Amino acid sequence: MATAAATSAAEPEAESKAGPKAEGEEEEVKAARTRRKVLSRPVTAATYKTIGPQWDPQEEGVSESDGDDEEFAMASSAESSPGEYEWEYDEEEEKNQLEIERLEEQLSINVYDYNCHVDLIRLLRLEGELTKVRMARQKMSEIFPLTEELWLEWLHDEISMAQDGLDRERVYDLFEKAVKDYICPNIWLEYGQYSVGGIGQKGGLEKVRSVFERALSSVGLHMTKGLAIWEAYREFESAIVEATRLEKVHSLFRRQLAIPLYDMEATFAEYEEWSEDPIPESVIQNYNKALQQLEKYKPYEEALLQAEAPRLAEYQAYIDFEMKMGDPARVQLIFERALVENCLVPDLWIRYSQYLDRQLKVKDLVLSVHNRAVRNCPWTVALWSRYLLAMERHGVDHQAISVTFEKALNAGFIQATDYVEIWQAYLDYLRRRVDFKQDSSKELEELRAMFTRALEYLKQEVEERFNESGDPSCMIMQNWARIEARLCNNMQKARELWDSIMTKGNAKYANMWLEYYNLERAHGDTQHCRKALHRAVQCTSDYPEHVCEVLLTMERTEGTLEDWDIAVQKTETRLARVNEQRMKAAEKEAALVQQEEEKAEQRKRSRAEKKALKKRRKTRGTDKHRVDEDEEKEWGDDEEEPSSKRRRVENSVPPSGETRDAEVEIGPAERHASVDVDPPSKQKEKAASLKRDVPKVPHDSSKDSITVFVSNLPYSMAEPDAKLRPLFEACGEVAEIRPIFSNRGDFRGYCYVEFKDEKSALQALELDRKTVEGRPMFVSPCVDKSKNPDFKVFRYSTALEKHKLFVSGLPFSCTKEELEDICKAHGTVKDLRLVTNRAGKPKGLAYVEYENESQASQAVMKMDGMTIRENVIKVAISNPPQRKVPEKPEARKAPGGPMVPRQIYGARGKGRTQLALLPRALQRPSAAQAENGPAPSPAVPTAAATEAPKMSNADFAKLLLRK
């Protein structure tokens, strides 16, 4: 089966261009026209040339209105007067020329800009620059595979300009290039019909049949689009008047009916109507067998029809099915169909090429697929490495392999390690070309030159671009040293290379020294082994004990007494120094731990002092209330109301989660109005009743196996039991759902779900990360962490996630669906999470998880710097920083102590309304205020300043109501 490709499997099914049914006079032609399908215009022209002038296209219903339409179009064009719009055309033309110059300049900088190529071709075609548009298309096709639309547009332009036989051959060459990019039934159909137009030339008939046969081998098995190729081929053969045409048509019918295709029943009925003889039993058996196969394929085809592009999962399932069936032609076809819509998925190309490498092993086919793979996904180093191996496996010329390697270096990989990998693949190939039995050869010199070039390239090109070498362990230099030592017997060069490796920061690693030691043991001498181990003892910092042990072992078996004494002395000195350093590090760590413990104890004492201070203030306020309770009340008639207000003023920092109904703000229009505030006794009763309303259900640890712990739920969720029960009942019978509330009755965002059996609880774990009211719900096993301290709870990853992107700078109005549509253009999005605060409001951040690393890398290149609603977003590979445990807010310290952090008052400091009701006479500068800025010096001694002046309720009310 020939390799061909198409751009979109979702495009409408190709239909043969046809004319009406024939009503010819000749009996043979009349029999050929009894079918329901009709001829296209090229087929009609070819039939006229073949049959002769006795066949009248007018009688066959072929219209010649096309020529009239062209004349009408020319007349209409001549009648239009461009004079009144000439200035508009000139302005538009000048604008297009400037844009063309800009695009050409952009391509001179970056020739891999796909969209720039497309825009340039469109503008050049619009301006009628035929030569330039042909060159632009040629340049683009050399770098990228073209879509079906671009190929058909190019082909139609070239066909319209073709005049002689030389031009026709040029169009044939263009068709040959077009059918190689993707599997494309529509282009094959156009190719066949165009070749019919050249049937009058020498070898024209054989050319047409050759094109149609190749089209059948490429797309004839396509269940939804292959039918058009079969019908066009039969139409052509039916129009040819020769002795063998009937047998040829019979053969085409029988071949088609043996293949499972859609609308097979209609084809069979058409064959019965066309054939004058009864259909042979063998044909009927093959037809029935194909019908049975069609029923097996239908579920997969229907899944493709119902799904939306790119339909990768559906194609993967279809591929698995075809590989189980084992028909190589059908396996290749379904891979080609999948790649039409998923041409930027490297894993799919890798799977396809791997199948061809291991199963078919056809040189032209394998190399063609590898070539198309690197053209579609040039950023994937694995595809280039496989391409080089395939070229070597099939004996491709060395010059061609070298050219391919140079293209790989210019492909623009996204990681420094990718360049190391492609260099290793090429150097391995060069090493396999060398005959090491010879002392010197051209291949060996080329290998050494390439090793030198690789080191220079990684240093100059890769390190400057990525700020890292990509090869910290110097694997390329290690391989070179091993080749020189083992294959070339050149230990001097190997030692020079190892010296360079150690000077690049590897001397502190024991495994590097042991690698060098093993090389010396195998191909060097004892003196250099001893020298290497002595240096290793002095330089190694990670595992010096291991190196010391190897040195002593060698001296025990091979060294003299003097060598043994020197080794023992050096190892003891080194290990003593190492132990001393470790002791110092341990002491430093212990000091840090002790310092942290002292800080924690100091915070604990500070909290105790703060509580004692609050108690004293509360007692002093109660005493003052008792002294002033007989005085005249100007604020209101309720005796306990001022006490309630004073308590609210003193407790200026409200507890977390307190409702705003408990706060009273007095505006200018309400200063003389009475405020309805419950007395303390009623407030205590309400709080007690609220606490009583929240049931305290102890958790039974014996039911952990049938219970799951659900967290990260919205705090605003009303009736969690009612909302979560339908969700978990799908996993099994739910015995109980226990949401956890605070003392004030607020939902705390987590709950326990108890099932009737353990199987249901295990199934419920699959609901982990399911979105509930805009937040991902975490479902984990119910484990007593006091009994299982090693149990790992859910933590967001803090390591580099190469398949996940971190997007920042998003507009707050950007929805998940909108961002997902943007990200889908660069790969398969497995998960997308918009980051929100606890209130559910967006923070302009998002995490996008792709199916693999290459898709994520491609998305970074395409999306970073993109503008979304006037916001320029930033896109990077997800690499979250290590999370630090937040320290608890320290209590207020005495003067000279540490400063009180701002977080104790919330994110914006102490609220204004919390100070609005506190008279200036009662304000006291705290230690935190003194440290945060210059505090006013007290006009009275410190002891006097700590006591508030005696004030009555009336004085307090006057202060509050003073305008």
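Above this note sits the structure.
First things first, this report covers the structure right here in the doc. Predicted model only: the values in this text are computed from it and were never measured.

1. Quick look at the overall build of the chain
Part 1: Each helix and strand counted, the chain has 37 helices and 11 strands in total.
Part 2: Classification of the 963 residues of the chain by burial places 40% in the buried group.
Part 3: Within the chain, counting contacts between residues at least 6 apart in sequence, those at least 24 apart form 64% of the total.
Part 4: As presented, the chain carries roughly 55400 Å² of accessible surface, and 50% of it is formed by carbon and sulfur atoms.

2. What about the sheet that holds strand β8 (residues 842-850)?
Part 1: Spatially, the four strands line up as an open sheet ordered β7-β8-β6-β11, and their pairing is antiparallel. Every other strand in the sheet has two partners, leaving β7 (829-836) and β11 (874-878) as the edge strands with one partner each. Along the sheet, successive strands turn relative to each other by an average axial angle of 20°, direction set aside.
Part 2: Taken together, the five bridges between strand β6 (residues 801-808) and β8 define a ladder with antiparallel strand orientation. Bridged to Leu805 within β8 is Val848.
Part 3: Where helix α34 (residues 853-863) meets the sheet, its contacts fall on β6, β8 and β11, and the angle it forms with β6 comes to roughly 30°.

3. Considering the environment of Glu496
Part 1: Here Glu496 shows up in helix α24 (residues 491-506).
Part 2: The exposure class assigned to Glu496 is partly exposed, which follows from its relative accessible area of 40%.
Part 3: For Glu496 and Ala481, which are 15 residues apart along the polypeptide, the C-alpha to C-alpha distance reads 8.5 Å.

4. What about the nonpolar core?
Part 1: Formed by 162 residues in total, the largest nonpolar core has its most connected members in Ile187, Ile422, Trp423 and Leu427.
Part 2: Aside from chain neighbours lying at most four places away, what touches Ile187 is Glu148, Trp151, Leu152, Leu155, Phe175, Ala178 and Val179.
Part 3: Residues Val710, Ile737, Cys751 and Ala761 belong to the second largest nonpolar core, which totals 19 residues.

5. Notes on the sheet that holds strand β4 (residues 770-772)
Part 1: On the basis of which strands lie adjacent, the open sheet formed by five strands has the order β2-β3-β1-β5-β4 and antiparallel pairing. In this open sheet, the two strands that pair with only one neighbour each are β2 (734-741) and β4. Direction aside, neighbouring strands of the sheet carry axes that sit 30° apart on average.
Part 2: Most of the contacts of helix α31 (residues 720-729) go to β2, to which it runs at about 140°, and overall it touches β1 (707-711), β2, β3 (747-755), β4 and β5 (775-781).

6. Digging into helix α15 (residues 312-325)
Part 1: For α15, which comprises 14 residues, the first-to-last C-alpha distance of 20 Å matches the rise-based estimate of 20 Å (1.5 Å per residue) to within 8%.
Part 2: If you check which residues of α15 are buried, you get Leu312, Tyr315, Tyr318, Ile319, Phe321 and Glu322.
Part 3: Summarising the contacts, the buried residues of α15 are in contact with α14 (281-306), α16 (328-341) and α17 (346-360).
Part 4: Of the residues trailing α15, Gly326 is marked for its positive phi of about 85°.

7. A look at the packing of aromatic side chains
Aromatic ring pairs are described here by two measures, namely the spacing of the ring centres and the angle between the planes.
Part 1: Evaluated as defined, the whole model comprises 32 aromatic pairs.
Part 2: Ring plane angle 35° and centroid distance 5.9 Å describe the contact between Phe175 and Tyr194, whose orientation is recorded as tilted. In this pair, Phe175 sits in helix α8 (residues 165-181) while Tyr194 sits in helix α9 (residues 185-196), placing the two residues 19 residues apart along the sequence. The exposure classification of Phe175 matches that of Tyr194, with both residues buried.
Part 3: Clustering of aromatic rings is evident, with ring pairs tying together Phe405, Phe413, Tyr419, Trp423, Tyr426, Tyr429, Tyr457 and Phe466.
Part 4: For the cation-ring pair, Lys207 lies above Tyr172, with the distance from its terminal atom to the ring centre recorded as 4.5 Å.

8. What about the pairing of β5?
Part 1: In terms of burial, β5 is a largely internal element, five of the seven residues being buried.
Part 2: In this structure, β1 lies alongside β5, joined through four bridges in antiparallel fashion. What sits directly across from Ser711, in β5, is Phe778.
Part 3: Bridging between β4 and β5 involves three bridges; their strand directions are antiparallel. Within the sheet, the bridge partner assigned to Thr771 lies in β5 and is Pro776.
Part 4: Adjacent in sequence and paired antiparallel, β4 and β5 are bridged by two residues, among which Glu773 carries a positive phi angle near 55°.

9. Points about the pattern of salt bridges
Part 1: Scanning the entire structure with this criterion turns up 42 salt bridges.
Part 2: Among the salt bridges present, the one from Glu818 reaches Arg869, with a minimum N-O distance of 2.5 Å. Of the two residues, Glu818 is situated in helix α33 (residues 816-824) and Arg869 in the loop between β9 (867-868) and β10 (871-872); the sequence distance between them amounts to 51 residues.
Part 3: Residues joined by salt bridges that share partners form a network here, namely Arg125, Arg137, Glu153 and Asp157.

10. A closer look at a negative patch on the surface
Part 1: Taken together, the side chains of Asp90, Glu91, Glu92, Glu93 and Glu94 make up a negatively charged region of the molecular surface.
Part 2: Residue position: Asp90 is located in helix α4 (residues 86-109).
Part 3: Of the residues examined, Asp90 reaches a relative accessible area of 41% and is grouped as partly exposed.

11. Some points on the side chain of His370
Part 1: Within the secondary structure layout, His370 lies in helix α18 (residues 363-376).
Part 2: In this structure the side chain of His370 is engaged in a polar contact, spanning 3.1 Å, whose partner is the side chain of Asp357.
Part 3: Excluding residues within four positions of it along the chain, His370 makes contact with Ser353, Asp357, Arg386, Tyr387 and Ala390.

12. Focus on the packing of helix α7 (residues 148-161) against α8
Part 1: α8 packs onto α7 with a crossing angle of 175° between their chain directions and a minimal axis gap of 10 Å. On the basis of the axis angle, α7 is roughly antiparallel to α8. Between α7 and α8, the residues in contact are Trp151, Trp154, Leu155, Glu158, Ile159 and Met161 and Asp167, Val171, Leu174, Phe175, Lys177, Ala178 and Asp181, respectively.
Part 2: Among the residues forming the contact of α7 with α8, the class breakdown is nine nonpolar, no polar and four charged.

13. So, unusual backbone geometry
Part 1: With omega at 10°, the peptide bond leading from Ala309 into Pro310 counts as cis.
Part 2: Within the fold, Pro310 resides in the loop between α14 and α15.
Part 3: Positive phi values are uncommon outside glycine, yet Lys361 reaches one of about 60°.
Part 4: Within the fold, Lys361 resides in the loop between α17 and α18.
Part 5: A residue is classified by how much of its surface remains accessible, and Lys361, at 54% relative accessible area, is exposed.

The rules we used
Residue numbers run consecutively from 1 along every chain, following the written order of its sequence. Local features in this predicted model are restricted to residues of pLDDT 70 or higher, and side-chain atom pairs are both shown and tallied only at a pLDDT of 80 or more, whereas totals for entire chains, interfaces and linings draw on every residue. Neither water nor hydrogens contribute to the side-chain values; these are computed over all heavy atoms in the structure. Secondary structure elements follow DSSP: runs of H or I of four or more residues count as helices, runs of E of two or more count as strands, with numbering from the N terminus. Note on classification: 1.4 Å probe, protein chains only; a residue is buried when its accessible area is under 20% of the maximum for its type, exposed when over 50%, partly exposed between these limits. Should any heavy atoms of two residues lie within 4.5 Å, those residues are considered in contact. For accessible areas, the Shrake-Rupley method is used with a probe of radius 1.4 Å. Any residue's cover is judged against the shown protein chains and nothing else. At least two bridges found by DSSP between two strands are what make those strands a pair. Think of each axis as a best-fit line through the C-alpha atoms, taken over the contacting stretch in the case of a helix, with angles from 0 to 180 degrees between the N-to-C directions. Throughout this description, the term nonpolar core refers to a set of buried Ala, Val, Leu, Ile, Met, Phe, Trp, Tyr and Cys residues connected via side-chain atoms within 4.5 Å. Expected span, for any helix, means 1.5 Å times one less than how many residues it has. Planes of paired rings set the category: under 30 degrees apart is stacked, over 60 is edge-to-face and the rest tilted, where pairs are Phe, Tyr or Trp rings (Trp by its six-membered ring) whose centres lie within 6.5 Å. Geometrically, a charge over a ring is one whose NZ (Lys) or CZ (Arg) sits within 6 Å of the ring centre while staying within 35 degrees of the ring normal. By convention in these notes, a salt bridge is any Lys or Arg side-chain nitrogen within 4 Å of a carboxyl oxygen on Asp or Glu. Patch definition: residues with relative accessible area over 30% and no salt bridge; like charges joined within 9 Å; nonpolar side chains (Val, Leu, Ile, Met, Phe, Trp, Tyr) joined within 5 Å. Neither His nor the chain termini are counted; the positive set is Lys and Arg, and the negative set is Asp and Glu. The location of each charge is read from NZ of Lys, CZ of Arg, CG of Asp or CD of Glu. Contacts described as polar in this section are N or O atom pairs within 3.5 Å, which, within protein, must combine one atom able to donate a hydrogen with one able to accept it, while residues neighboring in sequence count only if both atoms come from side chains. The labels follow the angle: roughly parallel below 35 degrees, roughly antiparallel above 145, roughly perpendicular from 65 to 115, and oblique for the rest. Any residue outside Ala, Val, Leu, Ile, Met, Phe, Trp, Tyr, Cys, Pro, Asp, Glu, Lys and Arg is labelled polar, Gly included; the first ten of those are nonpolar and the last four are charged.

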